[in-house]
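Geometric and topological summary
Spelled out from the first residue to the last, the chains are:
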There are 2 protein chains.
Amino acid sequence: MTDPCYEVRPIGWISSVLTDRSAAPRQPEENAPAARVVFHPAALPAAADLRVGDDVVLLTWLHQSRRDVLSVHPRGDTSRPQQGVFSTRSPDRPNPIGLHTVTITEVSADGITVRHLEAIDGTPVLDIKPVR
Amino acid sequence: MTDPCYEVRPIGWISSVLTDRSAAPRQPEENAPAARVVFHPAALPAAADLRVGDDVVLLTWLHQSRRDVLSVHPRGDTSRPQQGVFSTRSPDRPNPIGLHTVTITEVSADGITVRHLEAIDGTPVLDIKPVR
């Protein structure tokens, strides 16, 4: 795909004990550990009103994903037919943006801690929004 | 913010009767019209398994937003104190990615129709994911 493109820039990065995509749970319910979001210093004013207990959506850039994949076997199960990636949660997709609904458990000067996050260490964070 | 950046490319565009940001409802519940997502031809295989009745999250690029805004008055109400944008749904934010939970009401060869979408005509679409 050519045509227009836009630049996204990390507002922070994930710090996690998960260091390897193959070890990351496929769904957050499956024993994902707590993790931190460490903010880019320039983004700190945007995070000033995040509080312990807030339910938020983290948008991440799944930097180890393949962007040329348009169809996958759901959950990597080759016995199931391939599906277009827009019908799946595959990290491999044209714009590999991850959505993670999490609860904030701690707020510190440079970041937040959240519960049950399946993203790996070093994953760029693009945005944080309140859950409606 | 400088540092690393990543390129996102539209997988489609919104076609809507909403043509003006100031006319767009602030929340989708507030009388947003139906709209279409017209796919980039190269992205069509990724959309092949979307079906009428599916509940999906559209990720859009809010192309008319300001990216240098880190704090806003919630819902534009200047009587309320400013908040960091990560605690709000303001379209003005460092990476102006919109999240829209919608139901697919029609599928055609080149796109889909969805119910109640507050994005304006011409908005780039970055991704579509199933609602968990």
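Computed from a predicted model, the values in this text were never measured in an experiment.

Another aspect to go through is the overall build of chain A. Across its full length, chain A carries zero helices and nine strands. Listing each helix as α and each strand as β along chain A from the N terminus yields β-β-β-β-β-β-β-β-β. Against the globule reference of 14 Å for 132 residues, chain A gives a C-alpha radius of gyration of 15 Å, in line with a compact fold. Principal-axis analysis of the C-alpha atoms places the extent of chain A at approximately 45 × 40 × 30 Å.

What follows covers the relation of the copies chain B and chain A. Rotating chain B by 180° and moving it 0.0 Å along the rotation axis overlays it on chain A with an RMSD of 0.0 Å. Viewed as a symmetry operation, the transformation between the two copies matches a two-fold axis. Looking at the rotation axis and the C-alpha trace of chain B, the residue lying nearest is E7(B), at 2.3 Å. Of all interface residues in chain B, 100% are interface residues in chain A too; the two copies therefore contact each other through one and the same surface.

The next thing to look at is the packing of aromatic side chains. Per the counting criterion, the structure on display carries four aromatic pairs over all chains. A ring pair is formed by Y6(A) and W61(B), whose centres lie 5.2 Å apart and whose planes are at 25°; its orientation type is stacked. Of the two residues, Y6(A) is situated in strand β1 (residues 6–8) and W61(B) in strand β4 (residues 55–61); the pairing between them involves two chains. Residue W61(B) is classed as buried on the basis of its relative accessible area of 4%.

Bringing the interface of chain B and chain A into the picture now. With 52 residues of chain B at the interface, the matching set in chain A holds 52 residues. Carbon and sulfur atoms supply 58% of the area buried between chain B and chain A, which totals about 5,000 Å² over both sides. Summed over the shared surface of chain B and chain A, the number is two salt bridges. Among the ionic pairs, D127(B) bridges to R93(A), the shortest N-O distance being 2.8 Å. Where chain B touches chain A, the interface holds 26 residue pairs in polar contact (both at pLDDT 80 or more). At the level of elements, β1 (6–8), β4, β6 (83–84), β7 (97–107) and β9 (124–130) of chain B are the ones that each hand at least two residues to the side of chain B that touches chain A. At six residues, the largest contribution of residues to the side of chain B that touches chain A is made by β9(B). For the side of chain B that touches chain A, the per-class residue count stands at 30 nonpolar, 10 polar and 12 charged. Note: β1(A) against β1(B), three bridges, orientation antiparallel.

Counting residues in hydrophobic clusters, the biggest one holds 24 residues, and the most contacted among them are F39(A), L50(A), L58(A), I128(A) and F86(B). Looking at this core, the elements with two or more residues in it are β3 (35–39), β4 (55–61), β7 (97–107), β8 (111–114) and β9 (124–130) of chain A. Element by element, the count of residues in this core is highest for β3(A), at three residues. For F39(A), the residues in contact, after removing those within four places along its chain, are I11(A), G12(A), L44(A), A47(A), L50(A), D110(A), G111(A), I112(A), I128(A) and F86(B). By size, the runner-up hydrophobic cluster in this structure holds 23 residues, among which are V85(A), I14(B), V56(B) and V114(B).

Our focus in this paragraph is the sheet that holds β9(A). As a general point, the strands of a sheet are linked pairwise by backbone hydrogen bonds and lie either parallel or antiparallel. All names here are of chain A. An order of β2-β3-β8-β7-β4-β9 is seen for the six strands of this closed barrel, with the pairing classed as antiparallel. Averaged over all pairs of adjacent strands, the angle between strand axes in this sheet comes to 45°, irrespective of strand direction. Bridge count for strand β2 (residues 12–15) against β3 is four bridges, and the pairing is antiparallel. Opposite G12, over in β3, you have F39 as the bridge partner.

On to the sheet that holds strand β3 (residues 35–39) of chain B, then. The strand order around the closed barrel formed by six strands is β2-β3-β8-β7-β4-β9 (chain B), and the pairing between neighbours is antiparallel. Strand-to-strand twist in this sheet, taken as the mean axis angle between neighbours without regard to direction, amounts to 45°.

Residue and element names in this part refer to chain B. Alternating residues of strand β8 (residues 111–114) divide into G111 and T113 and I112 and V114, and every residue in both groups is buried. The pairing of β3 with β8 spans four bridges and is classified as antiparallel. Considered in β8, the bridge of V37 is made with I112. Sheet analysis places β7 next to β8, joined by three bridges and oriented antiparallel. Its bridge partner being in β8, I104 is matched across the sheet by V114. Two successive antiparallel strands, β7 and β8, enclose a turn made up of three residues.

What counts and how
Residues numbered from 1 in each chain as written. Chains lettered and ligands numbered in written order. Predicted model: local features only at pLDDT ≥ 70, side-chain atom pairs only at ≥ 80, totals over all residues. Heavy atoms only, no water. Helix = DSSP H or I, 4+ residues; strand = E, 2+ residues; numbered from the N terminus. Rg over C-alpha atoms; globule rule 2.2 N^0.38 Å. Least-squares fit on C-alpha atoms with pLDDT ≥ 70 in both. Contact = heavy atoms within 4.5 Å. Phe/Tyr/Trp six-rings, centres within 6.5 Å; stacked < 30°, edge-to-face > 60°. Buried < 20%, exposed > 50% of the residue type's maximum accessible area, 1.4 Å probe, protein only. Buried area = accessible area lost by both parts, 1.4 Å probe. Salt bridge = Lys/Arg side-chain N within 4 Å of Asp/Glu carboxyl O. Polar contact = N/O pair within 3.5 Å; in protein donor to acceptor, adjacent residues only side chain to side chain. Nonpolar A, V, L, I, M, F, W, Y, C, P; charged D, E, K, R; others polar. Pairing = 2+ DSSP bridges. Core = buried A, V, L, I, M, F, W, Y, C linked by side-chain atoms within 4.5 Å. Axes fitted to C-alpha atoms, helices over the stretch in contact; angles between N-to-C directions.

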